[in-house]
Structure formats: C-alpha cells, structure tokens
Amino acid sequence: MNLNYKTLVQKYGTPLYVYDFDYIKNRYEVLKEAFSGRKSLISYAVKANSNLSVIAHLAKLGAGADCVSIGEVKRALAAGVDKYKIIFSGVGKRDDEIKAALEYDILLLNLESEAEMKRVEMIAKEMGKEARISIRVNPNIDPQTHPYISTGLHENKFGVEIDMAKRMYIYAKKSSFLNPVGIHFHIGSQLTNLDPIRESCNIVADLVRSLNAIGIEIKFFDVGGGIGVVYDDEKTISPTEYAQAIFEATKGLDVTLLCEPGRYMVANAGAFFTKVLYEKQNGHKRFVVIDGAMNDLIRPSLYNAFHKIEAVGAEGEKTNADVVGPVCESGDFLGKNIPLPPLKHDDLLIVHSAGAYGFTMASNYNTRNKCAEVAIEGGQDRLIRKRESFEDQIRLELEYLEK
Ligand code: LLP
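Keep in mind that this is a model prediction, so the values were computed, not measured. (Residues numbered from 1 in each chain as written. Predicted model: local features only at pLDDT ≥ 70, side-chain atom pairs only at ≥ 80, totals over all residues. Heavy atoms only, no water.)

## With respect to the overall build of the protein chain
Thought 1: The number of helices and strands found in the protein chain is 12 helices and 17 strands.
Thought 2: Taking 22 Å as the expected radius of gyration for a compact globule of 403 residues, we find that the protein chain reaches 23 Å, a close match to that expectation.
Thought 3: For the protein chain, the spread of C-alpha atoms along the three principal axes comes to 70 × 55 × 40 Å.
Thought 4: Relative to its 403 residues, the protein chain shows a buried fraction of 55%.
Thought 5: Here the contacts in the protein chain between residues at least 6 apart in sequence split such that 70% fall between residues at least 24 apart.
Thought 6: Here the protein chain displays about 18100 Å² of accessible surface, and carbon together with sulfur accounts for 49% of that area.
Thought 7: Looking at charge distribution, the protein chain has the averaged site of its 50 positive side-chain charges lying 3 Å from that of its 54 negative ones. (Helix = DSSP H or I, 4+ residues; strand = E, 2+ residues; numbered from the N terminus. Rg over C-alpha atoms; globule rule 2.2 N^0.38 Å. Buried < 20%, exposed > 50% of the residue type's maximum accessible area, 1.4 Å probe, protein only. Contact = heavy atoms within 4.5 Å. Areas by Shrake-Rupley, 256 points an atom, 1.4 Å probe, with all protein chains shown as cover. Lys, Arg positive; Asp, Glu negative; His and termini not counted. Charge placed at Lys NZ, Arg CZ, Asp CG, Glu CD.)

This is the structure in structure tokens:
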C-alpha cells in the first residue's frame, strides 16, 4: 500500500482498518487465471471480511460467496453477488435459515450431517421445492495447521465420513426434494503445505468416481478454502500449484471446480492503524500501550497469531516491547517482543496482514466502539464503514432501561 498514512489517520481517526482494493482485485485475478482451462467458480469466504463494499468489489470481478449463516447470505445478495454463485455451509443451520436459502434459490446448501439432510428434505417438501445440495466430506487428513483452524480430521465437528456421505448421496438421489449435485471438503485454514489438499482431493475425487458409477452425477467439486498467506516469512502455497494439484486429482471428471478462499483474498490487503497512547516500563519489561485492542483484532490473543507491527516515522534504537491495548485482560496484546524505536503519544503503528478475520471477529468488549473501515482504490481513499458510536452500541438496550 503506497499511502499517505498520516493524512488517512487525520481524516478517519484511529483505530482504523484500511484495505487495498487493487490488491484484492489482483489476488482474485491471479487465482482465477490459475484455474483457467477448467470450469471454475471462486466463491469468496465472506467470513474473512464481510464488509459489503469488499464483497461487492469481488462480486463485480465475477466472484461468488461462501456463507455460513443466513446473515452472510443476505450480505452477499445485498452486495450484488449472483444467487447462483452463493453456497451456504455450516454444521448448524436453523430451519428459518434453510427456508430462506431455499427461497433465495442459491446455488448450493452444503450439508454436514444426515440429520441436517432430513431437515432440509422436510423443509423443501413443505415448500414444494427441490433443494440443490452438496455434502461436506471429512477426508480425515491432518492439514498441519493451528488446531483451532483445523477442520478435516474425524475429531473435528465438520462434515461426514466417506461411508456416511455415500449413504447420504444414495438417499438424496431417491428423494424428490433433494438434488445432490455437489461435493465439498475443507480441511483447514492457513494451509502452507499442498500435500494435505492434494491427498484430500484424491480421496474425494475417488468418491465422485464411485458415485458417478452408480448414476449420481456430481457437477460441483468444492475444495473449500484454506490457502495460507505470508504473515511473517513463511513459505506458502502458490495458486498455480494449487490449481494444478486439483486438476490432477479431478482428471477426467466433468465438474465445475469451486473454491472458497477467504484469507488469501483479503489478509494482506488489510492493515490495522493504531496510535500510541503511552510507553511504560514494568521491571525489565517495555510496554507500548495503544488505542487499538483485542476487541478490534483478536487473532494474536486467540491463536497467538503473529502480525508484523511497524512504527511510522519514529526513529531511534529499537528494543523489544509488548504492544498492548486498553482492555482489562492480560491477553490483550497485538504483539509480543516486537522491536520498536522509542515512541511517543500519537505515534502511528501499522499492524499488517489484518484484512482477514480482523474486523469480522471484532467485538464491543469493554464498550469499545467498532472501528471505521476505509478502502483504497486507484490511489483514492473512501469510507466503507462508519466508526460506531456509543449511541449505536446502546440503541437496542435503551428502550428497556427501567426509569
Ligand atoms: N470454507 C469453509 C467451509 C471454511 O470453514 C472456511 C474458514 C473457509 C472456506 C475460508 O478459509 P480461508 O480461505 O480463509 O482459510 N478465524 C481464523 C480462521 C477461521 C477459518 C474458518 N473457516 C483465523 O483468524 O485464523
């Protein structure tokens, strides 16, 4: 991002999320290009960054949306995503969510259990509709990532085992209210090694071949999301190698290849801007207290995730400091042992790679207002979410306050 940081901060205040829309466009185009030569659909995982303008930006480029709640489906539709490019996944869909998804006539309801399939069948029957479904298969592959974001092992709550999936497809094929057209897996997030994806693709492609053999025609082969990004200096998966591995595994299958990248699209498009409030020293430990906190960006606290932190314009010898927020929790930090120059009140820190699972995981803990969000496109900045106010926060409680 080539920006005048100080101007942005003066205009919009801090803490602030800033996203580079040109970077997002480039990420989409690179991935789409990697899939050229085969039928493909990139359905952006809205959970990574669900700002309407971010979704709309991707929708204009041709992306679909991978959603995990009816709220996300509504966001995708509101942002202009084509309904036939929307997938609805998740282990616990409520009746009203299933009903709404069928009414919206989205591309696929992605099923994660037999019980859910029966529920979808019942609701589709009541509505006199046929539900287009895919089944999420759990290939029992270790994705070699953080246990909290690993999803493809039998010990995880997601998907169904191969045998169960087969039984479900056979059942669905016979039902007048279910149309099993897709297959899906997602083994985890921030994957930096291609082997687990390759292995899962092979397992699931074999299942597709055996389904085709008994007359169940799978049209959508969904490999989930999970492409890892660089937060520090890690080596990660190249989009071309990723697509090639999927091509290889699905050779001979007449399917549309679907993928659901979230982090890949937006993580490194985003930065979190925060200002220094104070420096303090406790014994031998140096703390930099900032105006941003764990409620704005919870990844360091929750996963011990690393985000590069840079001090803008400050000079002098760097020493290690913990960068901490004002929230009353010892776990409220954005970085530990970060080399930083001496800092003073109002100095600006930039927390990098914050475009994915940053704002979407933010909360109002400690009655802190959610930040503003800004897009940069073609060198121009624009507000895409207003900073929340105290009045916004109490609005839903105020009328119930006993006088
Ligand atoms: N598809 C499904 C079914 C998913 O569960 C996920 C992410 C994605 C796609 C997108 O995965 P991605 O391409 O972004 O890796 N909050 C965590 C990440 C949780 C990911 C949950 N599922 C974090 O901040 O690292």
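## With respect to the pattern of salt bridges
Thought 1: Throughout the structure, instances matching the rule amount to 21 salt bridges.
Thought 2: A salt bridge links Asp95 to Arg119; its shortest N-O distance comes to 2.6 Å. One end of the pair, Asp95, is in helix α5 (residues 95–104); the other, Arg119, is in helix α6 (residues 114–127), and 24 residues separate them in sequence.
Thought 3: Ionic pairing is found between Asp195 and Arg198, a salt bridge with its closest N-O pair at 2.9 Å. Placement of both Asp195 and Arg198 in helix α8 (residues 195–213) is noted, with a separation of three residues, approximately one turn of the helix.
Thought 4: Its relative accessible area of 40% is what places Asp195 among the partly exposed residues.
Thought 5: Beyond isolated ion pairs, a larger network of salt bridges with shared partners links Lys83, Asp105 and Arg132. (Salt bridge = Lys/Arg side-chain N within 4 Å of Asp/Glu carboxyl O.)

## Description of the sheet that holds strand β4 (residues 86–88)
Thought 1: The strand order β2-β3-β4-β5-β6-β7-β8-β9 describes a closed barrel built from eight strands, whose pairing is parallel. In this sheet, neighbouring strand axes are inclined to one another by 30 degrees on average, regardless of whether the strands run parallel or antiparallel.
Thought 2: Sheet analysis places strand β7 (residues 178–184) next to strand β8 (residues 220–222), joined by three bridges and oriented parallel. Bridge pairing in β8 links Ile183 to Phe221.
Thought 3: Seen against the sheet, α6 touches β5 (108–111), β6 (131–136) and β7 and runs at an angle of roughly 145 degrees to β5. (Pairing = 2+ DSSP bridges. Axes fitted to C-alpha atoms, helices over the stretch in contact; angles between N-to-C directions.)

## Here's the deal with the packing of helix α7 (residues 162–174) against α8
Thought 1: α8 packs onto α7 with a crossing angle of 30 degrees between their chain directions and a minimal axis gap of 11 Å. Between α7 and α8, the angle falls in the class roughly parallel. Handedness of the α7/α8 crossing: right-handed. In this structure, α7 uses Ile162, Ala165, Lys166 and Tyr169 to contact α8, whose residues at the interface are Ile203, Leu207, Ser210 and Leu211.
Thought 2: Residue composition of the contact of α7 with α8, by class: six nonpolar, one polar and one charged. (Parallel < 35°, antiparallel > 145°, perpendicular 65-115°, else oblique. Left-handed = near helix turned anticlockwise from the far one by under 90°. Nonpolar A, V, L, I, M, F, W, Y, C, P; charged D, E, K, R; others polar.)

## A look at the side chain of Asp20
Thought 1: With respect to the helices and strands, Asp20 occurs in strand β1 (residues 16–20).
Thought 2: Of the buried charged residues, Asp20 lacks a salt bridge, with Arg382 as the closest side chain of opposite charge at 9.9 Å.
Thought 3: Here the side chain of Asp20 touches Asp22 through a polar contact of 3.0 Å, landing on its backbone nitrogen. (Polar contact = N/O pair within 3.5 Å; in protein donor to acceptor, adjacent residues only side chain to side chain.)

## Quick word on the domain arrangement of the protein chain
Thought 1: Taken domain by domain, the protein chain comprises domain 1 (5–16 + 268–398) and domain 2 (35–261).
Thought 2: Computed from C-alpha coordinates alone, the two centres of domain 1 and domain 2 are separated by 33 Å.
Thought 3: In this complex, domain 1 contributes 17 residues to the contact, which on the side of domain 2 involves 17 residues.
Thought 4: The largest per-residue losses of area from domain 1 upon contact with domain 2 belong to Tyr303, Tyr357 and Thr360, which jointly make up 33% of the total buried on that side. (Domains from an automatic or database assignment. Buried area = accessible area lost by both parts, 1.4 Å probe.)

## Considerations on helix α9 (residues 239–249)
Thought 1: If you check which residues of α9 are buried, you get Pro239, Tyr242, Ala243, Ala245, Ile246, Phe247 and Ala249.
Thought 2: The secondary structure elements touched by the buried residues of α9 are α2 (21–34), α8, β9 (256–259) and α10 (263–266).

## Re the side chain of Thr274
Thought 1: By the secondary structure assignment, Thr274 is in strand β10 (residues 270–282).
Thought 2: A polar atom in the side chain of Thr274 sits 2.6 Å from the side chain of Asp291.

## Some points on the packing of aromatic side chains
The description of an aromatic ring pair rests on the distance of the ring centres and on the angle between the ring planes.
Thought 1: One pass over the full model with this rule turns up seven aromatic pairs.
Thought 2: For the pair Tyr17 and Phe359, a centre-to-centre distance of 6.1 Å together with 80 degrees between the ring planes defines the contact as edge-to-face. Note that Tyr17 is positioned in strand β1 and Phe359 in the loop between β15 (348–351) and β16 (372–377), a separation of 342 residues in sequence. The pair Tyr17 / Phe359 is uniform in exposure class, with both members buried.
Thought 3: Here Phe35 and Phe247 contribute two aromatic rings whose centre-to-centre distance is 6.1 Å and whose plane-to-plane angle is 65 degrees, an arrangement assigned as edge-to-face. Note that Phe35 is positioned in the loop between α2 and β2 (40–45) and Phe247 in helix α9, a separation of 212 residues in sequence.
Thought 4: On the basis of relative accessibility, which here comes to 14%, the residue Phe247 falls in the buried class. (Phe/Tyr/Trp six-rings, centres within 6.5 Å; stacked < 30°, edge-to-face > 60°.)

## A few points about the packing of α6 against α7
Thought 1: Between α6 and α7, the least distance of the axes is 11 Å, while the angle of their chain directions is 15 degrees. With respect to α7, the axis of α6 lies roughly parallel. As for the relative orientation of α6 and α7, their crossing is right-handed in sense. Between α6, through Glu114, Met117, Lys118 and Glu121, and α7, the contact on the second element is made entirely by Met164, Met168, Tyr171 and Ala172.
Thought 2: Here the residues of the contact of α6 with α7 are counted per class, giving five nonpolar, no polar and three charged.

## Observations regarding the environment of Ala172
Thought 1: With respect to the helices and strands, Ala172 occurs in helix α7.
Thought 2: By relative accessible area, which is 0% here, Ala172 ends up buried.
Thought 3: A C-alpha to C-alpha distance of 30 Å links Ala172 and Ala243, two positions 71 residues apart in sequence.

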